[in-house]
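# Overview (structure and organization)
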Amino acid sequence: RNKMPIIYAQYHDTVQNLFVECPTQQYPKLAEVCSRIIRNIPLNQKVKKTYESEGEDQSIHLVSEGAKAFICVAEDTPLRVCYAFLRSLSEDSKTIEKDKKKLSVLLQDNIDHHNNLSNDAVGKLHKELEDVKDIMMENMEKVLEIGEKLNAMVDKSARLADSAQQFHSSSRQLKWRYCVRYWKMVAIVAFVVLLLILLLVMTQCGVTFADCRSGVPADTVQHGPSPSPAAIE
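As the structure is a prediction and not an experimental result, all values here were calculated from the model. (Residues numbered from 1 in each chain as written. Predicted model: local features only at pLDDT ≥ 70, side-chain atom pairs only at ≥ 80, totals over all residues. Heavy atoms only, no water.)

### Some words on a nonpolar patch on the surface
Inclusion rule: For patch detection, residues must exceed 30% relative accessible area and be free of salt bridges, and they are connected within 9 Å for like charges or within 5 Å for nonpolar side chains (Val, Leu, Ile, Met, Phe, Trp, Tyr). Computed by Shrake-Rupley with a 1.4 Å probe, the accessible areas treat only the displayed protein chains as cover when residues are assessed. Every case where a carboxyl oxygen of Asp or Glu lies within 4 Å of a side-chain nitrogen of Lys or Arg is listed as a salt bridge. Under the DSSP-based scheme used, a helix requires at least four consecutive residues in state H or I and a strand at least two consecutive residues in state E, with every element numbered from the N terminus.
On the surface, Met-185, Ile-188, Phe-191, Val-192, Leu-195, Leu-196, Leu-198 and Leu-199 cluster together into a nonpolar patch covering about 760 Å² of accessible area. As for its placement among the helices and strands, Leu-195 is situated in helix α4 (residues 121-205).

### A closer look at the packing of helix α2 (residues 79-92) against helix α3 (residues 100-115)
Let me state the cut-off plainly: A fitted line through C-alpha atoms serves as each axis, taken over the contacting stretch for helices, and the angle formed by two N-to-C directions is quoted from 0 to 180°. In a left-handed crossing the near helix is turned counterclockwise from the far helix by less than a right angle, and in a right-handed crossing that turn is clockwise. Any two residues whose heavy atoms approach within 4.5 Å at even a single point are treated as in contact. Side-chain classes are defined by residue name, with Ala, Val, Leu, Ile, Met, Phe, Trp, Tyr, Cys and Pro counting as nonpolar, Asp, Glu, Lys and Arg as charged, and the others, Gly among them, as polar.
In contact at an axis separation of 10 Å, α2 and α3 are set at 150° when each is read in the N-to-C sense. α2 and α3 meet at a crossing whose hand is right-handed. Between α2 and α3, the contacting residues are Val-81, Ala-84, Phe-85, Ser-88, Leu-89 and Asp-92 on the first element and Leu-106, Leu-107, Asn-110, Ile-111 and His-114 on the second. By residue class, the composition of the contact of α2 with α3 is 7 nonpolar, 3 polar and 1 charged.

### Notes on the confidence of the model for the protein chain
Note the cut-off: Per residue, pLDDT measures the predictor's confidence, with a range of 0 to 100.
Summary statistics for the protein chain give a mean pLDDT of 80 and a share of 82% for residues scoring 70 or more. Within the protein chain, helix α6 (residues 229-232) has the poorest average pLDDT of any element, 49, and strand β5 (residues 68-75) the best, 89.

### Notes on the environment of Met-202
Let me state the cut-off plainly: Only protein chains enter the area calculation, which uses a 1.4 Å probe; residues under 20% of their type maximum are buried, those over 50% are exposed, and those in between are partly exposed.
Its location among the elements puts Met-202 in helix α4. According to the relative accessible area criterion, Met-202 is partly exposed, its value standing at 27%. The spatial distance from the C-alpha of Met-202 to the C-alpha of Cys-212 is 9.5 Å, given a sequence separation of 10 residues.

### Quick notes on the packing of aromatic side chains
We count it as follows: Geometry of aromatic contacts follows a simple scheme: Phe, Tyr and Trp rings, the Trp one being its six-membered ring, pair when their centres are within 6.5 Å, and the pair is stacked under 30 degrees between planes, edge-to-face over 60, tilted otherwise. Whether a charge lies above a ring is judged from NZ of Lys or CZ of Arg, which has to be within 6 Å of the ring centre and within 35 degrees of the ring normal.
Within this structure, the stated rule accounts for 3 aromatic pairs. Plain terms: the ring middles of Tyr-11 and Phe-70 are 5.3 Å apart, the flat faces sit at 50° to each other, and that makes the pair tilted. One end of the pair, Tyr-11, is in strand β1 (residues 6-13); the other, Phe-70, is in strand β5, and 59 residues separate them in sequence. Taking the relative accessible area as the measure of exposure, Phe-70 reaches 0% and is therefore buried. Here the aromatic rings of Tyr-182 and Trp-183 are separated by 5.2 Å at their centres, their planes lie at 75°, and the arrangement is edge-to-face. Owing to a relative accessible area of 53%, Trp-183 belongs among the exposed residues under this scheme. Taking the ring centre of Tyr-83 as reference, the NZ or CZ of Lys-48 above it sits at 4.6 Å. Above the face of the Tyr-178 ring, Arg-181 is positioned so that its terminal group lies 5.4 Å from the ring centre.

Dropping the structure here:
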């Protein structure tokens, strides 16, 4: 927000019997309340006080320097701004304290000056700090977002590593099964070949391999006629 509303101000000088308000005759109720407050202030006594309006956002701020009093009404305005406004009135009015017209212009100029946020050094600093705070919060959100993405990437990498480990284990098991199956087939083929060789040898040499041991195959041995009993005698 560019404006901090000091909406009304008064200048009182009881010695000179001088009263100036700004804006003029625009807030009759506020003027009456402020005048009543000033009338109740003891003379020759310095007072600095704030009055809060019940049920409203307005507050009344007073600075009294004995015979002179300065008062303003503000809405949602920092105290430092209100009292800076009253101090400025006190200093600037010393050179024109008897000129009502110049005092009225002085009141308006000070209201415009202090309602402008760009003239409030503390306010500007506060706004800059708020801007820096917003930027830092935005950067923190980005860092947290990056952290969440990194965590997601780490989790994904871990899942991929687990999947790779499972694939490696499955591959070894599959390789082992195919290897066992292969050697089973080799063993079966070798057994069949050996069995065929054994059967072939047995057909040539006999079941007991006796013919092969004598050096003559069983089917090539020629048997002569059996001698008669008379010849034997």
